[in-house]
Amino acid sequence: MQTIKLKIKEEVTSGVAKIPVEVDSLTPDTLAGKTEAEIKAVKVWWGNKEENTGDLFDVSVEGEAGSAEEVKIVLEGDLSRVKHIGDGMNAGEIEALGDVDMHCGAMMSGGKITVKGCADCWAGREMHGGELVIEGDAGDNLCAMYRGEMTGMTGGKVTVGGSAGECVAQNMAGGEIEIKGNAYILTGLNMKGGKITIEGDAVMPGADMTGGKITVKGNVRDMIPSFRLEGTESIEGEEYKKYTGDLAMTEKKAKGVLYVK
Amino acid sequence: MVEGELLIRNGVVYDPINGVKGEKKDICIRDGKVVEEVKNPKIIDAEGRVVMPGGVDIHSHIAGGKVNSGRLFRPEDGRKGVKARTKVCRPESGYSVPNTFATGYRYARMGYTFVMEAAMPPLAARHTHEELVDIPILDNAALPLLDNNWMTMEYVKSGDMDLLAAYIAWMIKATKGFGVKIVNPGGTEMWGWGKNCSLNDTVPTFDVTPAEIIKGLAEANEKFDMPHSIHVHTNMLGHPGNFEITKETYDLVKGVKAAKGRQVMHTTHTQFHSYGGTNWGDFESKADAIADYINQNDHATIDIGSIILGDTTTMTADGPMEYSLYQITGRKWTNHDVELETGSGITPFLYSGKSPVNTIQWAIGQELALLVKDPWKLALTTDHPNAGPFIGYPILISMLMSKKRRDESAEDMHKVIYDRAALPSIDREYDLNEIAIITRGMTAKALGLHEHGKGHLGVGADGDVAIYDMSPEERDAGKIQKAFLNTKYTIKGGEIVVKDGEVVATPAGKTYFVTPECDDKLTDEMMVKLKDKFDHYYSVTFNNYAVQDAYVPNPYEIKAPWRS
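This one's a predicted model, so the numbers in the text were calculated from it and none came from an experiment. (Residues numbered from 1 in each chain as written. Chains lettered and ligands numbered in written order. Predicted model: local features only at pLDDT ≥ 70, side-chain atom pairs only at ≥ 80, totals over all residues.)

**Q** Describe the overall build of chain A, with residues and values.
**A** When you go through chain A residue by residue, the secondary structure sums to four helices and 19 strands. Computed over the C-alpha atoms, the radius of gyration of chain A is 20 Å, within 12% of the 18 Å expected from 2.2 N^0.38 for a compact globule of 261 residues. The principal-axis extent of the C-alpha atoms belonging to chain A is close to 60 × 40 × 30 Å. Every one of the 261 residues in chain A was classed for burial, and the buried ones make up 45%. The contacts of chain A with a sequence gap of at least 6 include a subset with a gap of at least 24, amounting to 34%. (Helix = DSSP H or I, 4+ residues; strand = E, 2+ residues; numbered from the N terminus. Rg over C-alpha atoms; globule rule 2.2 N^0.38 Å. Buried ≥ 20, exposed ≤ 12 C-beta atoms within 10 Å, placed from the backbone. Contact = placed C-beta atoms within 7 Å.)

As structure tokens, this is what we get:
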């Protein structure tokens, strides 16, 4: 087991402009088997300049790892301008001790990321597998597809301790999302598959959905009118209204299911 | 053009226009032009490597309103092909709709030095030229769309061919265009009413047929010494059974006499127009029927518009066709009307080897190339990006050169290829001389650019040379593809622009445009009608219409005198 601590240097984040750092090159897959000196030499983008990890982060390494599964990366300091944490990772673990910037866990296919704070937009974007835990709030487009793409999240599990922003899981095709708080407008927009559970409230969930399942345990505001009430069903001992839709996508395609209290 | 001397030594040269078929030969360049000999040159050792003139693409959509709309509405395409800037190059992005920089670099890396933008809406000519200026390295030109135009249709109706000639002359000058482009004549006008039309249907708003429009424009074009013939996207693109319409279109202009020793009609992306069957269920290849026609007649040339499997962005002035495609896929679609002139549509499309229809389409493009006997009648294209991005040319070259590769590829396709396409039964393999013809010799000749130093390496030609890192004996399809994707050297106007597959210099390209010279009296008479159109219908005034010289900072003018 190997633990790699990366503490962002204060001078990196203290500037007026707050230039973002992109760390998609710092995953357990890429760092496994590397020495401290080698990790310090890995290139990361800081704004439009490519820098050495060692110039932007204090690096410390404990233990040894034979493969990515045995690597845990701990990110410390002010991470609010650190983007692409765990982007594309396949195995191992990343822990971010604070709020993180956009694209955390984007395109990940395995391993686990824990954010001990809030995550900005596009967390879990186009995720294929693995687990993403955001203890605070998530921004817009959580687990959605990037602009223009046809498919969002296809697999894996995402848990949000707080609330999530707009267009959660747009074009989602598989996997599972659990939001403990509220989800803002258009959760599951154009969703094709997968499962979303919202413990709190939701606004206009399931618009244009053609597959998958959304459960809203709190209140639904502005329910989409093109859903059909099919009856009631009991989930974990509570009664829910079961709707199918979105019939705006034609009767034939309206295979989505929406449970509302 | 750069000053100084260059000697390309001991290459195996393929220069079909000058009849050079793989001879070991030196090429001398001084001040950007090919010369007999040089005294104190910089030397490039091309020992045993394939040397050809710079490639000339006859039909590609690389600049203008619809290309840019394609980029804007396909951000997901922009994610592909991203390459960071270098000391020389600006950043690249995009695959089927690459940014302007990537367009220039990628063509140059494949050894191309001239590309024709195949469809310029006249009203958007400024935008087209702005993008052409932004494309590094490549010499370029653009064909204005003149067929669904109200003025054209009115003159065709009244039979005033001289006035029609005066009109197209004025439009080609006003747009800094190169020739006459025709796209689904009548059909784009009908699309303004939610309809489409075939070759002999009447366009009710103007009481003319597409056949009359094509014939009229062919006659008007040949009234000048135009370097290029009319360039036609025939009616009913992509409809099963359309091969009859394509053949009938060729027959229309059989009697028209060419101004120069060239074709009187170039039909483009002929793959999309060689379809048999009555619906997508019994859809089949009719490439053989089209190839037979081309083999038996000398007045028409074609480019193949061959499919590259994978995702692409379709874009054309053929608005109704794009709508039909959108109805099949249900993916995003956008559409545009260009006032009195033309229109356009764009939708993404995935060509899949698992689809029987796409499989047959894939076969047709290659069948055309293999069944047309004389390569001087045929050009290699993918109708970029409609049948696939231009970056797929090396794949096509390797297919045409290797029966083995075609057979291996056919095995991965839908089995319908063995029943409803001829490709698996064709044994012909292209040699390098024929490849040089369909990628530079024929295209330069069909565009009339061989008289202006393009597509060959004779004394006086432009110093545009591609040196491919392969021996002429190479038979391995994979190695052929690799060699044609990234040159050992690309030389443009005597300057090395690509070395070992990397862009090392990015000079600006020239824009070629034609000035048809029309009698003042005819022009004045035509102008009365044209100004009336501006006063009543155009959203811009007459005085603000023509493209100013400033939009073409590196001009190359070709004068086309009146003949009769």
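**Q** Explain the overall build of chain B residue by residue, including any values.
**A** Helices and strands together make up the secondary structure of chain B, namely 18 helices and 24 strands. Rg of the C-alpha trace for chain B: 22 Å, near the compact-globule value of 24 Å for 564 residues, within the 12% margin. A principal-axis box enclosing the C-alpha atoms of chain B has dimensions of 65 × 55 × 45 Å. By residue count, 58% of the 564 residues in chain B fall in the buried class. Restricting the contact set of chain B to residue pairs at least 6 apart, pairs at least 24 apart contribute 77%.

**Q** Describe the environment of L123(B), with residues and values.
**A** All names here are of chain B. You can see L123 is positioned in the loop between β7 (112–120) and α4 (125–134). Measuring from C-alpha to C-alpha, the distance between L123 and V338 comes to 7.2 Å, with 215 residues separating the pair along the chain. Not counting the four nearest positions on each side in its chain, L123 is found in contact with V338, E339 and E341.

**Q** Before we move on, can you summarise the sheet that holds strand β17 (residues 342–351) of chain B with the specific residues and values?
**A** Residues and elements named next belong to chain B. Taken in spatial order, the three strands of this open sheet run β15-β17-β16, and their pairing is antiparallel. Bordering the open sheet on either side are β15 (310–316) and β16 (334–338), each of which pairs with just one other strand. In this sheet, neighbouring strand axes are inclined to one another by 15 degrees on average, regardless of whether the strands run parallel or antiparallel. Here β16 runs beside β17; their pairing, made up of five bridges, is antiparallel. Opposite V338, over in β17, you have T342 as the bridge partner. (Pairing = 2+ DSSP bridges. Axes fitted to C-alpha atoms, helices over the stretch in contact; angles between N-to-C directions.)

**Q** Would you mind going over the pairing of strand β21 (residues 495–499) of chain B in detail, with residue names and values included?
**A** Residue and element names in this part refer to chain B. Across four bridges, the pairing between strand β20 (residues 489–492) and β21 is antiparallel. Bridge pairing links I491 to I496 in β21. Counted between consecutive antiparallel strands, the loop separating β20 from β21 contains two residues, among which G493 sits at a positive phi close to 55 degrees. Of the pairings in the sheet, the one linking β21 to strand β22 (residues 502–503) comprises two bridges and is antiparallel in character. Its bridge partner lying in β22, K499 is registered against E502. Hairpin connection, β21 to β22: the antiparallel pair is bridged by two residues, and D500 has positive phi, about 50 degrees.

**Q** An account of the nonpolar core is needed here, citing residue identities and associated values.
**A** Counting 171 residues, the largest nonpolar core has V51(B), I168(B) and L368(B) as the members making the most contacts within it. Each residue touching V51(B), except ones within four places of it in the same chain, is listed here: I8(B), G11(B), V12(B), V13(B), I27(B), A46(B), V465(B) and I467(B). Of all hydrophobic cores here, the second largest spans 70 residues; its members include M102(A), I113(A), C118(A) and V160(A). (Core = buried A, V, L, I, M, F, W, Y, C linked by C-beta atoms within 7 Å.)

**Q** Explain the sheet that holds strand β3 (residues 43–46) of chain A residue by residue, including any values.
**A** Working definition: the strands of a sheet are paired by backbone hydrogen bonds and lie parallel or antiparallel to each other. Residues and elements named next belong to chain A. Strand order across the open sheet formed by four strands is β4-β3-β2-β7, with mixed pairing between neighbours. Unpaired on one side and paired on the other, β4 (49–52) and β7 (82–83) mark the two borders of the sheet. Pairing analysis gives four bridges linking β3 to β4, with the strands arranged antiparallel. Pairing of W46 across the sheet is with K49, part of β4.

**Q** Account for the environment of E62(A), with residues named and values stated.
**A** Along the chain, E62(A) falls in strand β5 (residues 57–63). Contact partners of E62(A), with chain neighbours within four places excluded, come to Q2(A) and T3(A).

**Q** Can you lay out the environment of Y326(B) for me, pointing to particular residues and giving the numbers?
**A** Residue and element names in this part refer to chain B. Take Y326: it is sitting in helix α11 (residues 319–329). Judged by the 20 C-beta atoms lying within 10 Å of it, Y326 is buried. Considering only alpha carbons, one finds Y326 and G345, 19 residues apart in sequence, at a separation of 9.7 Å. Setting aside residues no more than four positions away along its own chain, Y326 makes contact with R331, W333 and T347.

**Q** I'd like a description of unusual backbone geometry, backed by residues and values.
**A** Across the junction of G245(A) and D246(A), the peptide omega takes the value 0 degrees, indicating a cis bond. You can see D246(A) is positioned in the loop between β18 (238–245) and β19 (256–260). With an omega of -5 degrees, the peptide bond between H384(B) and P385(B) qualifies as cis. Even without being glycine, H103(A) reaches a positive phi, approximately 65 degrees. Its location among the elements puts H103(A) in the loop between β8 (93–96) and β9 (112–115). Phi at E339(B) takes a positive value of approximately 45 degrees, unusual for a residue other than glycine.

**Q** Could you give an account of the packing of helix α5 (residues 150–158) of chain B against helix α6 (residues 161–174) of chain B, with specific residues and numbers?
**A** Residue and element names in this part refer to chain B. For the pair α5 and α6, the least separation of the axes is 8 Å and the interaxial angle reads 165 degrees. In terms of axis orientation, α5 runs roughly antiparallel to α6. The handedness of the crossing between α5 and α6 comes out as left-handed. The segment α5 lies against α6, with M151, T152, Y155 and V156 engaging L163, L164 and Y167. Each residue belonging to the contact of α5 with α6 can be placed in one class, and the counts come to six nonpolar, one polar and no charged. (Parallel < 35°, antiparallel > 145°, perpendicular 65-115°, else oblique. Left-handed = near helix turned anticlockwise from the far one by under 90°. Nonpolar A, V, L, I, M, F, W, Y, C, P; charged D, E, K, R; others polar.)

**Q** Now, about α4(B): what can you tell me, with residues and values included?
**A** All names here are of chain B. The set of residues buried in α4 consists of A125, T128, H129, E131 and L132. Down the axis of α4, the buried side of the element spans an arc of 160 degrees, and every buried residue falls inside it. Buried residues along α4 sit against α1 (65–73), α3 (100–109), β7, β8 (139–144) and β23 (511–516). (Arc of directions from axis to C-beta.)

**Q** Tell me about the confidence of the model for chain B, and please be specific about residues and values.
**A** Parts of the prediction with low pLDDT should not have their coordinates interpreted in detail. Counting all residues, the mean pLDDT for chain B is 97, and 100% of those residues have values of 70 or more. With a pTM of 0.94, the predicted complex shows an ipTM of 0.85. (pLDDT = per-residue confidence, 0-100.)

**Q** Quick one: what's the story with the packing of α6(B) against helix α18 (residues 520–536) of chain B, residue by residue and with numbers?
**A** Residues and elements named next belong to chain B. It is at 9 Å that the axes of α6 and α18 come closest, and there the two elements cross at 80 degrees. As far as their axial angle goes, α18 and α6 are roughly perpendicular. Across the interface between the two elements, D162, L163, A166, Y167 and W170 of α6 pack against L522, T523, E525, M526 and L530 of α18. When grouped by side-chain class, the residues that make up the contact of α6 with α18 number seven nonpolar, one polar and two charged.

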